[in-house]
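Residue-level structure breakdown
Chain by chain, the residues run as shown.
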Amino acid sequence: MLITYVLIIFLFGHVLVFKKLIFKWNVFGVFFVSTIIFSTIGILIFPFAKDYFLRVFHTFKLGLVTDEQIIKTQILAVGGLLLVLYSYVLGLSLFYRKVKSIDHFKIKTPIQSNLSRVNFDFSLVLIGLFLTIYLFVKQEVLITGIFDGLLGRQPDALLIARRGITSNYLYVIIVYNLLPFLTAVSLYIYMRKRILLNRIMFFSLFLFSFFLILLLFQKRPLIIFLMSLVLSAYVFRKYLLPKRVKVKKVRSKKASRRRYIVIGISLFSLLLLLYYSGTTYQFENLFQAVTTLSEVVLTRVFGRLSLPAFFYVHYFPEVGPHYGLTNIGMLSNVFFFEHFPDTKTLFNFYSKNPKNGSLAINSIFDFYGAFGYFGFVLGNLFLGAILCLIDVFLNKLEKNGINIIFIVFCFVFAYYLSQASLARAFMGYGFVFFALIWMFLQKGFRIKLK
């Protein structure tokens, strides 16, 4: 317990010292805050609420994890996060000769347009044709997922539908990454020029994207999609629309505060509904439903995503050897070595009811699982350097519409680092594809800098 208290104070002290660096609209800040919320908090409070964790997450073999391994996990969680922080700070010092606080949404000049409308329309047509054909082929899987899974509230049917619909890698990339990006672009077009045609285009694309992401039969992609649109709308509303007089601006701030509270409640309610449709819980009244589902949501946010860290520390290297790069499927296909599906292997090992699911492990602990302590240190220093390079590059971009949208989706990439390895966040969760579609949509394929 003493070590846990020391780690909490040590981490909190660093947050206070570097708060101007962390709590800004930058890639590192999103990664740091997301990792603390979705992983580190759960890891640090585990010893204080161990009985509660054992009861709530009874489907996992948490009893295998010893007290020594709990402390080791906590040290790695805090130490890895601070290694990323120090590396990031060192990188900023080398680039700017000081620790510069980067805020990508501190925009001083009017937002310009560098969007190629021709390339945008071409992308929509091409993606639309592919999706029409693919969904026609997969119509039976969709029907099963909708009626048996979502409406019938059968978790097994949801799992089968999820595997069936995501069996095509191109479809996953389009729905996870390209469609949300293009929907944000259509929002920018609509907010820049509020005409009926742009309004129809945005709402049509939004509903289409919402429906397809919902049919991934996963909660997280849908919430991230909606939050990326809310963030994009916030920036465009603040800097794209004409400035108002001060009296109206004060009223606008109050209205905006109420608006974002409503949006937050709506997103949380949607999350409750998605958890309800994905479980077999029965409730006697609405109050019981809301309180029980709220507990489920909060324990999933602050608890379940922290559990894989304990499993990785217990499993490697005592149960199995460190896996190196063998967990990257693309590399195993190219170099013909045996693929090690780490998240699926550990899920099946620690789950009492294995259904071929998978765990979500963040990038900090992936370095430990892959390479042990030495790779853990080097890997997290490398991660800090990567985040620094991305922030420095984004800070050099002209603040035009398409660049701002790319910045928003770099935040999405940073968020996924809190729940996925660096390789998965680059490819499966879209950074590479965000960058490709962003470059393709530049007018004349020319990226404008400040």
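Since this is a predicted model, take the numbers as computed values, not measurements.

**A few points about the overall build of the chain**
A count of helices and strands for the chain gives 20 helices and zero strands. For the chain, contacts bridging at least 24 residues in sequence account for 78% of all contacts bridging at least 6. Of the roughly 22100 Å² of accessible surface on the chain, 68% is carried by carbon and sulfur atoms.

**Description of the nonpolar core**
Soluble globular proteins: nonpolar side chains tend toward being buried together. Of all hydrophobic cores here, the largest spans 136 residues; its most connected members are F181 and F406. The element contributing the most residues to this core is helix α9 (residues 169-192), with 17 residues. Ignoring sequence-local partners within four residues, the contact set of F406 consists of F181, L394, L397, F431, F434, A435 and W438.

**As for the pattern of salt bridges**
Under the criterion given, the structure shown has three salt bridges. As a salt-bridge pair, K50 and D67 come within 3.4 Å of each other at their nearest N and O atoms. Linking K50 in helix α4 (residues 50-56) with D67 in helix α5 (residues 67-96), this pair joins segments that are 17 residues apart in sequence. Given a relative accessible area of 26%, K50 falls into the partly exposed group. In this structure D67 comes out as exposed when scored by relative accessible area, which is 54%. A salt bridge links R424 to D342, with the nearest nitrogen and oxygen atoms 2.6 Å apart. Of this pair, R424 sits in helix α19 (residues 422-426) while D342 sits in helix α16 (residues 342-350); the two residues are 82 residues apart in sequence, bridging distant segments of the chain. Judged by its relative accessible area of 24%, R424 is partly exposed.

**Section: helix α20 (residues 431-440)**
Within α20 the residues assigned to the buried category are F431, F433, F434, A435, I437 and W438. For α20, the elements touching its buried residues are α6 (117-137), α9, α17 (363-396), α18 (401-416) and α19.

**Section: unusual backbone geometry**
With omega at -5 degrees, the peptide bond leading from F316 into P317 counts as cis. Examined against the element boundaries, P317 turns out to sit in the loop between α14 (307-315) and α15 (329-335). Look at R97: it is not a glycine, yet its phi comes out positive at around 60 degrees. Tracing the backbone shows R97 in the loop between α5 and α6. The residue F445 is not glycine, and still its phi comes out positive at about 55 degrees. Summarising the element assignment, F445 is placed in the segment after α20.

**Details of the side chain of T73**
Looking at the secondary structure, you find T73 in helix α5. A distance of 2.7 Å separates a polar side-chain atom of T73 from the backbone oxygen of Q69. Residues contacting T73, with those up to four places away along its chain left out, are I43, A309, F310, V313 and F365.

**Let's talk about the environment of F426**
The residue F426 is located in helix α19 in this model. What makes F426 partly exposed here is its relative accessible area of 21%. In this structure, the C-alpha to C-alpha distance between F426 and F413, residues 13 residues apart in sequence, is 7.4 Å. When sequence neighbours within four positions are dropped, the list of residues in contact with F426 reads I386, F413, F431 and V432.

**Remarks on the packing of aromatic side chains**
Within the structure shown, the criterion is met by 46 aromatic pairs. Here the aromatic rings of F105 and F411 are separated by 5.6 Å at their centres, their planes lie at 70 degrees, and the arrangement is edge-to-face. Within this pair, whereas F105 is found in the loop between α5 and α6, its partner F411 is found in helix α18, the two being separated by 306 residues in sequence. A residue is classified by how much of its surface remains accessible, and F105, at 4% relative accessible area, is buried. A relative accessible area of 4% means that F411 is categorised as buried.

**A short note on a positive patch on the surface**
Positive charge collects at one region of the surface, where K19, K20, K24, K106, K108, K396 and K450 lie side by side. Summarising the element assignment, K108 is placed in the loop between α5 and α6.

**Quick look at the packing of α5 against α14**
At a closest axis distance of 9 Å, the pairing of α5 and α14 adopts a crossing angle of 115 degrees. With respect to their mutual orientation, α5 and α14 come out roughly perpendicular. Considering how the two elements wind past one another, α5 and α14 form a crossing that is right-handed. Between α5, through Q69, I70, K72, T73 and L76, and α14, the contact on the second element is made entirely by A309, F310, V313 and H314. Taken together, the residues that form the contact of α5 with α14 break down as five nonpolar, three polar and one charged.

**Here we look at a nonpolar patch on the surface**
On the surface, M1, Y5, I8, I41, I45, F48, L298 and F302 cluster together into a nonpolar patch covering about 680 Å² of accessible area. Counting residues per element, the ones that place at least two in the nonpolar patch are α1 (2-17), α3 (27-45) and α13 (286-302). The topology assignment puts F302 in helix α13. F302 sits in the partly exposed class, given a relative accessible area of 32%.

**Points about the environment of T73**
T73 gets classed as buried once you look at its relative accessible area, which sits at 0%. C-alpha of T73 to C-alpha of I43: the two residues are 30 residues apart in sequence and 7.4 Å apart in space.

Criteria and cut-off values
- Residues numbered from 1 in each chain as written.
- Predicted model: local features only at pLDDT ≥ 70, side-chain atom pairs only at ≥ 80, totals over all residues.
- Heavy atoms only, no water.
- Helix = DSSP H or I, 4+ residues; strand = E, 2+ residues; numbered from the N terminus.
- Contact = heavy atoms within 4.5 Å.
- Areas by Shrake-Rupley, 256 points an atom, 1.4 Å probe, with all protein chains shown as cover.
- Core = buried A, V, L, I, M, F, W, Y, C linked by side-chain atoms within 4.5 Å.
- Buried < 20%, exposed > 50% of the residue type's maximum accessible area, 1.4 Å probe, protein only.
- Salt bridge = Lys/Arg side-chain N within 4 Å of Asp/Glu carboxyl O.
- Polar contact = N/O pair within 3.5 Å; in protein donor to acceptor, adjacent residues only side chain to side chain.
- Phe/Tyr/Trp six-rings, centres within 6.5 Å; stacked < 30°, edge-to-face > 60°.
- Patch = residues over 30% accessible without salt bridge, like charges linked within 9 Å, V, L, I, M, F, W, Y side chains within 5 Å.
- Lys, Arg positive; Asp, Glu negative; His and termini not counted.
- Charge placed at Lys NZ, Arg CZ, Asp CG, Glu CD.
- Axes fitted to C-alpha atoms, helices over the stretch in contact; angles between N-to-C directions.
- Parallel < 35°, antiparallel > 145°, perpendicular 65-115°, else oblique.
- Left-handed = near helix turned anticlockwise from the far one by under 90°.
- Nonpolar A, V, L, I, M, F, W, Y, C, P; charged D, E, K, R; others polar.

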